[in-house]
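Analysis of the macromolecular model
Each chain, letter by letter, is given below.
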Amino acid sequence: MYDFTYQKPSSVADAAKLLSADAEAKALAGGMTLIPVLKQRLNKPSTLVDLAGTGLAGISVAGGKVRIGAMTTHAAVAGSAEVRKAIPALATLAGGIGDKEVRHRGTIGGSLANNDPTADYSAAALALGAAIVTNKRTIAADDYFQGMFTTALEPGELITAVEFPVPEKAAYTKFPNPASRYAIVGVFVAQGPSRGPSGVRVAVTGASESGVFRHKAMEAALAKSFSAAALADIATSAEGLNSDIHASAEYRAHLIGVMARRAVAAAG
Amino acid sequence: MGFQGIGAAVRRKEDARFLSGSGHYTDDINRPGQLYASIRRADRPHARIVGIDTAAASAMPGVVAVYTGADLQADNVGGLPCGWQVKNKDGTPMAEPPHPVLAVGKVRHVGDPVAVAIAATRQQAKDAAEQLAITWQDLPAAGSIKDALAPGAALVHDDVPGNICYDWHLGDKAAVDAAFAAAARIVRLDLTNNRLIPNAMEPRAAVGEFDRATGEHTLYTTSQNPHVIRLLMGAFVLHLPESRLRVVAPDVGGGFGSKIYHYAEEAIVTWAAGKLARPVKWTAERTESFISDAHGRDHVSTAEMALDKDGNFLALHVKTLANMGAYLSTFAPCIPTYLYATLLAGVYKTPAIYAEVKAVFTNTVPVDAYRGAGRPEAAYLLERLVDVIARDTGIDKVTLRRRNFIPADAFPYHTPVALQYDSGNYQATLDAALKAADWSGFPARRAAAHVKGKLRGIGISTYIEACGIAPSAVVGSLGARAGLYEVANVRVHPTGGVSVFTGAHSHGQGHETTFAQIVSDQLGVPFDQVEVVHGDTAKIPFGMGTYGSRSLAVGGSAMMKAMDKIIAKGKRIAAHLMEASVEDIEFKSGTFSVAGTDKSKTLGEIALTAYVPHNYPIDELEPGLEETAFYDPKNFTFPAGCHVAEVEIDPDTGAASVVSFVAVDDVGRVINPMIVEGQVQGGVAQGIGQALLEGAVYDGNGQIVTGSMMDYTIPRADDLPSIKVGTETTLCTHNPLGVKGCGEVGAIGSPPAIVNAVVDALAEYDVRHIDMPLAPQKIWSIIRAGRPPMAAE
């Protein structure tokens with residue numbers, strides 16, 4: 001780890017000010033990605049702005065939305081009775097991220113801001129049509145994810161909360177990388193709250209070179225009939241999918257079908 | 001307190017320390033004035049070092065010194081020695097190129113140490129190592145056996161033609177050729193044994209210290225054999241006499257073989273501490289472990305069995321290419337030869353065997369022993385081959401094994417590959433395992449799995465291994481450059497407690513418990529009053545360390561011999577005190593008594609007399625009660641057994657999981673059944689890792705792809721089933737405890753059982769063999785190829 005300055009502001013405004021003032025400064029949420037990167041000397045920030053004191057943790061459910069503060073840990077989401085009741089798939093997803101230690105440090109805001117193409121939360125955000133709330137504006141999930149490790153966030157812009165509309169049904173199924181346990185393929189399917197062609201959303205993480213994406217062909221098929229059988233004839237092209245020692249692009253394309261069908265079956 | 005002697009499942013003494021965080025590991029050691037070393041390693045597989053500019057790094061804050069290979073050479077530091085010389089078919093010695101402590105001239109693998117920066121803090125040392133300006137001239141690299149043997153391949157060592165370290169053979173070629181000519185059938189199998197990266201929980205570390213007053217060097221290191229390190233480093237690398245070099249291996253968090261060898265970092269910190277007259281510490285980061293700890297396995301083999309019409313094995317011919325990596329690690333040459341080809345008879349009475357092994361240099365991390373070391377490779381090859389024979393001939397795989405077993409009444413049994421098995425009963429372990437695994441109930445379980453949409457398979461392996469390493473004269477004739485006896489010093493204290501100093505080393509095996517049980521049992525001393533000391537050359541007379549499941553068979557036997565001497569001396573003291581003849585003194589349960597009388601003295605009374613010799617046969621006997629024994633084993637020991645695995649495959653994803661595992665092993669006499677169970681389970685966990693999950697991958701250019709746990713799959717708890725362990729005992733006939741060893745059986749017997757089970761699960765896809773690791777994608781490819789695409793959905 002290279003030397004850096006450590007700051008722990010007590011408000012989002014102060015944090016944003018510190019980050020805006022220094023292009024080399026980085027925000028620290030749970031640190032479950034950033035700290036290993038620093039330890040490997042792959043990044044050299046001038047300052048780490050720790051968001052732990054900014055009061056961004058917390059969960060509330062109201063008006064058909066689950067609102068989760070950016071600094072809420074995965075363990076808190078997984079263990080929240082409110083989340084479990086409103087969007088059980090989201091609680092299950094959070095409970096399947098990393099390991100216990102990671103879940104008690106890692107945060108939803110950190111995960112979404114980093115936008116690792118194999119992370120889990122991005123699939124939930126996209127499939128549920130979440131709103132990413134920042135200190136400056138609200139960004140629709142469809143506009144937020146802009147390729148691997150790339151988001152719509154601007155310099156000095158911090159996620160403060162994520163709002164998930166409560167669906168009628170939803171499920172997330174992941175085929176993990178056996179070593180890292182990140183998603184080789186993760187598929188989140190959701191139906192509702194609205195009906196009709198736009199009422200079904202299927203988001204795929206882990207698979208694509210350009211990060212999380214919506215599977216429009218599957219969405220169309222499921223809008224007609226929300227059943228695993230409806231996906232039987234939907235093939236996914238291997239083009240543009242990741243390939244590594246654990247999974248070729250072809251294998252990933254196949255797994256998208258398998259995981260999607262299982263997610264639909266699990267959503268009921 | 002219940003019975004705590006031989007056979008009791010006593011809880012491990014050492015665990016209170018480990019589980020409460022009170023263990024004392026090398027990285028916990030900090031000495032006054034200590035500096036930190038950071039090693040700059042090659043980030044490329046093969047390159048000439050055109051120049052190293054140390055000026056900028058040397059001037060950085062806190063930096064005390066920067067050394068390169070040239071500095072070590074100038075100070076007459078030797079290369080890392082190899083402890084075993086294997087000879088070629090023609091009798092000439094193997095190629096043994098130099099293995100410099102820091103690279104000289106060129107680097108030969110990613111991770112090859114090039115220079116060291118030493119500074120006041122770990123971070124400063126790391127900063128300086130990073131700042132070293134190295135000018136490279138990249139060379140083509142040979143990243144695999146295949147690449148290294150290709151015509152015109154890059155030479156890892158300029159003076160080793162064809163990258164061949166040795167071309168060795170064992171067995172009777174003429175007899176094998178004749179049997180093949182007359183055979184009813186020949187079954188052939190090509191297979192690889194995947195390369196593994198050990199990953200002990202504790203990364204390697206070393207602290208060097210120099211005492212200017214006495215001129216003594218001390219090395220604290222994560223080693224399985226501190227005396228061997230002292231011998232190798234003192235005699236060959238740093239040219240220090242034993243009297244001026246102390247090596248301490250304190251608590252060590254797992255080794256699995258990877259901490260046997262003498263590594264460059266040990267020499268670097270010891271030498272630098274002397275140069276700077278300040279302690280120097282180095283601790284590996286996990287990423288460094290991946291590219292500097294010796295790897296294991298990595299064979300490419302062809303096996304052919306000649307059969308008669310009934311499936312009797314007539315002759316076996318094996319050709320193996322073994323990857324040595326870029327340099328010869330300490331014991332590397334003997335692993336694919338004397339610890340591999342000698343085991344190719346397995347548990348079968350195959351009359352003729354011929355094995356040819358070519359060891360190959362590549363631009364990869366050196367390869368050496370890893371849990372099982374050669375024997376897993378032999379067991380895997382043979383047990384896969386036997387299953388393929390069953391498949392090709394249509395003979396039931398259990399029947400085929402039984403038909404070819406060495407019968408229980410054939411011991412001692414001479415194999416055609418140089419070993420003499422002293423005892424065993426392979427039908428017994430097989431029967432017990434089949435029963436424990438409910439073998440006959442498998443069809444119902446397969447049918448039930450089918451209903452759930454899963455493919456279920458069952459697999460078996462009946463393996464043997466050789467451990468209790470090893471008779472010195474035998475290994476000496478085979479090229480070992482050391483003896484492989486073990487040493488024990490037993491000290492009975494004046495008040496009756498006992499300290500045992502052993503040359504074996506515990507790094508997870510539970511020696512402090514097992515050895516205390518033996519001493520408690522033999523001398524009748526309460527278990528709690530027995531202290532086991534290991535890991536310090538200043539405390540222990542000598543020792544060859546722990547590997548090859550040798551601690552109990554060899555180290556325990558040395559302890560027995562030393563205790564025999566204690567008892568013999570005690571009898572003489574007792575005879576004097578009780579005015580009886582020595583021949584009439586009996587010793588039992590801690591008490592010396594005169595036969596046929598009620599006169600007796602406790603060991604405590606005898607010990608007190610020995611140290612306070614007021615009434616003592618001082619003219620004929622020295623005071624004190626302390627004895628040392630060196631025990632050289634008469635033969636290897638031969639644990640054997642039967643493992644049965646059941647797997648289920650998800651046909652949609654290809655993911656296989658082991659759903660049931662039974663291991664029935666004959667490890668000889670069991671001292672502590674709980675520790676044996678744990679050792680077997682740990683070994684099986686690593687076997688499951690090798691079979692399904694682990695595999696080091698280098699790309700075509702010699703870059704390591706599986707350089708961290710993000711890509712290299714270590715088995716986790718949720719990858720493992722509940723592992724049922726049983727024992728069926730035949731005693732070792734040639735050591736005083738009748739023990740055989742249990743540390744490696746799990747890792748040896750399990751991979752073929754698991755692969756056999758997966759192949760069985762895929763029976764409907766007409767699969768003959770799949771190379772490890774059986775990763776989901778590999779299995780999915782087979783399933784996909786075997787079905788029309790839509791049907792696979």
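Residues numbered from 1 in each chain as written. Chains lettered and ligands numbered in written order. Predicted model: local features only at pLDDT ≥ 70, side-chain atom pairs only at ≥ 80, totals over all residues. Heavy atoms only, no water.

1. Some remarks on the overall build of chain B
The helix and strand inventory of chain B stands at 20 helices and 28 strands. Relative to its length of 793 residues, chain B is compact, with a C-alpha radius of gyration of 27 Å against a globular reference of 28 Å. When burial is assessed residue by residue, chain B has 62% of its 793 residues classed as buried. Sequence-distant contacts, at least 24 apart, represent 80% of the contacts inside chain B between residues at least 6 apart. (Helix = DSSP H or I, 4+ residues; strand = E, 2+ residues; numbered from the N terminus. Rg over C-alpha atoms; globule rule 2.2 N^0.38 Å. Buried < 20%, exposed > 50% of the residue type's maximum accessible area, 1.4 Å probe, protein only. Contact = heavy atoms within 4.5 Å.)

2. Some words on the nonpolar core
Grouped together as the largest cluster of nonpolar side chains are 136 residues, with contacts concentrated most on Tyr-421, Leu-692, Val-758 and Leu-762 of chain B. Take this core: its biggest share by element is 10 residues, from helix H10 (residues 375-393) of chain B. Sequence-distant contacts of Tyr-421 of chain B, that is, excluding residues within four places in its chain, are made with Ala-345, Gly-346, Ile-406, Phe-411, Pro-412, Tyr-413, Thr-415, Tyr-426, Ile-464 and Phe-638 of chain B. Counting 51 residues, the second-largest nonpolar core is a separate cluster that includes Ala-89, Tyr-121, Ile-159 and Tyr-172 of chain A. (Core = buried A, V, L, I, M, F, W, Y, C linked by side-chain atoms within 4.5 Å.)

3. Description of the sheet that holds strand S11 (residues 200-205) of chain A
All names here are of chain A. One open sheet accounts for 4 strands, arranged S9-S10-S11-S12; its pairing is antiparallel. In this open sheet, the two edge strands, each paired with only one partner strand, are strand S9 (169-176) and strand S12 (213-214). Sheet contacts for helix H10 (residues 216-224): S11 and S12; angle to S11, the most-contacted strand, approximately 150°. Across the sheet, helix H11 (residues 249-267) touches S9, strand S10 (183-191), S11 and S12, and the angle it forms with S10 is around 35°. (Pairing = 2+ DSSP bridges. Axes fitted to C-alpha atoms, helices over the stretch in contact; angles between N-to-C directions.)

4. A closer look at helix H18 (residues 673-693) of chain B
Since the α-helix advances by 3.6 residues per turn, residues separated by three or four positions end up pointing in the same direction. Residues and elements named next belong to chain B. Look at H18: 29 Å from first C-alpha to last across 21 residues, which is about the 30 Å you get at 1.5 Å a residue. Where burial is concerned, most of H18 is hidden: 15 out of the 21 residues are buried. Capping of H18 at its N-terminal end is provided by Asn-672; its side-chain oxygen lies 2.9 Å from the backbone amide nitrogen of Met-674. (Expected span 1.5 Å × (residues − 1). Polar contact = N/O pair within 3.5 Å; in protein donor to acceptor, adjacent residues only side chain to side chain.)

5. Some thoughts on the domain arrangement of chain B
Residue and element names in this part refer to chain B. Each assigned domain of chain B is listed with its residue range as follows: domain 1 (18-139 + 201-254 + 259-292), domain 2 (299-469 + 635-786) and domain 3 (485-631). Contacts between domain 2 and domain 3 engage 20 residues on the former and 17 residues on the latter. Summing both sides of the interface, domain 2 and domain 3 together bury roughly 1400 Å²; the carbon and sulfur share of this comes to 63%. Area buried by domain 2 at its contact with domain 3 is led by Ile-469, Ile-671 and Leu-737, which between them contribute 36% of it. The interface formed by domain 2 and domain 3 includes 0 salt bridges. Where domain 2 touches domain 3, the interface holds 7 residue pairs in polar contact (both at pLDDT 80 or more). Its residues placed into classes, the side of domain 2 that touches domain 3 shows 8 nonpolar, 8 polar and 4 charged. (Domains from an automatic or database assignment. Buried area = accessible area lost by both parts, 1.4 Å probe. Salt bridge = Lys/Arg side-chain N within 4 Å of Asp/Glu carboxyl O. Nonpolar A, V, L, I, M, F, W, Y, C, P; charged D, E, K, R; others polar.)

6. Focus: the packing of aromatic side chains
Residues and elements named next belong to chain B. Enumeration over the complete set of coordinates arrives at 20 aromatic pairs over all chains. Between the aromatic rings of Tyr-67 and Trp-271, the centroid separation amounts to 4.7 Å while the plane-to-plane angle is 70°, which identifies the pairing as edge-to-face. With Tyr-67 in strand S3 (residues 63-68) and Trp-271 in helix H8 (residues 264-276), the pair connects residues that are 204 residues apart, well separated along the chain. What links up through ring pairs into an aromatic cluster is the set Phe-313, Tyr-348, Phe-405, Phe-411 and Tyr-426. Positioned above the aromatic ring of Tyr-263, the side-chain terminus of Arg-204 is 3.6 Å from the ring centre. (Phe/Tyr/Trp six-rings, centres within 6.5 Å; stacked < 30°, edge-to-face > 60°. Lys NZ or Arg CZ within 6 Å of the ring centre and 35° of its normal.)

7. Quick word on the side chain of Lys-397 of chain B
All names here are of chain B. With respect to the element layout, Lys-397 can be found in helix H11 (residues 397-404). On the basis of relative accessible area, Lys-397 is assigned to the buried category, the value being 15%. Within the local environment of Lys-397, its side chain forms a polar contact with the backbone oxygen of Ile-458, the two atoms lying 3.4 Å apart. Excluding its chain neighbours within four sequence positions, the residues that come into contact with Lys-397 are Asp-387, Ala-390, Trp-439, Ile-458 and Asp-760.

8. Regarding a nonpolar patch on the surface
Taken together, the side chains of Leu-608, Tyr-611 and Val-612 of chain B define a hydrophobic patch exposed on the protein surface, amounting to about 230 Å² of accessible area. Inspection of the secondary structure puts Tyr-611 of chain B in helix H17 (residues 603-611). (Patch = residues over 30% accessible without salt bridge, like charges linked within 9 Å, V, L, I, M, F, W, Y side chains within 5 Å. Areas by Shrake-Rupley, 256 points an atom, 1.4 Å probe, with all protein chains shown as cover.)

9. Some remarks on the interface of chain B and chain A
Each partner contributes residues to the interface: chain B has 25 residues there, and chain A has 25 residues. At the junction of chain B and chain A, the tally comes to 7 salt bridges. Measuring nitrogen to oxygen at the nearest pair gives 2.8 Å for the salt bridge that ties Arg-262 of chain A to Asp-650 of chain B. At the surface where chain B touches chain A, the tally comes to 17 residue pairs in polar contact (both at pLDDT 80 or more). Mapped by element, the contributors of at least two residues to the side of chain B that touches chain A are helix H4 (122-131) and helix H20 (776-786) of chain B. Residue composition of the side of chain B that touches chain A, by class: 9 nonpolar, 5 polar and 11 charged.

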